[in-house]
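Residues per chain are reported as follows:
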Amino acid sequence: MSELAVGAIAAGLFAVSAGTAAAVSWHTNPTLSTGGGSFTSGQYAFWPSNQNHGAFEWAGNLNDGKQKQSVPLDQLNWDGAALHTDDAYIRVCRDKGSLNPDNCSSTKHYQR
């Protein structure tokens, strides 16, 4: 799994919000794939300001074509200076070493 990584860059915007204690709404993320690996069964959610740091949460399975393994992942990404995350980007990349460029899937952009 050292050659694959799933990246989520969550950029939060500072916003004053009362926040609600509502349940988070999960959405399906399409399969992200690149030569040698994929991210499948993906889901994502934006948490409200008063829960889980107002984070962008993503979950799914990272599949490594070379090692024939699958690893479940579930991550929260947030900005400590913001009340909640409004924008997030996610993609899967294959690390080909320092002398070769990585190959990555297309980047998916999500907004609250």
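So, here's what we can say about the structure.

Thresholds applied
Residues numbered from 1 in each chain as written. Predicted model: local features only at pLDDT ≥ 70, side-chain atom pairs only at ≥ 80, totals over all residues. Heavy atoms only, no water. Salt bridge = Lys/Arg side-chain N within 4 Å of Asp/Glu carboxyl O. Helix = DSSP H or I, 4+ residues; strand = E, 2+ residues; numbered from the N terminus. Buried < 20%, exposed > 50% of the residue type's maximum accessible area, 1.4 Å probe, protein only. Disulfide = S-S within 2.5 Å.

Re the pattern of salt bridges
This structure, assessed with the given rule, holds one salt bridge. Between arginine 112 and aspartate 86 there is a salt bridge, and its shortest N-O distance comes to 3.5 Å. Of the two residues, arginine 112 is situated in the segment after strand 9 (108-111) and aspartate 86 in strand 7 (residues 85-94); the sequence distance between them amounts to 26 residues. The exposure class of aspartate 86 is buried, given its relative accessible area of 17%.

Quick word on the state of the cysteines
Counted according to the given criterion, the structure contains one disulfide. Two residues share a disulfide in this structure: cysteine 93 and cysteine 104, whose sulfurs sit 2.0 Å from each other. Disulfide cysteine 93 to cysteine 104: torsion about the S-S bond roughly 110 degrees, handedness right-handed. Pair noted here: cysteine 93 is in strand 7 and cysteine 104 is in strand 8 (residues 103-104), with a separation of eleven residues, a long-range link. A relative accessible area of 13% places cysteine 93 in the buried class.

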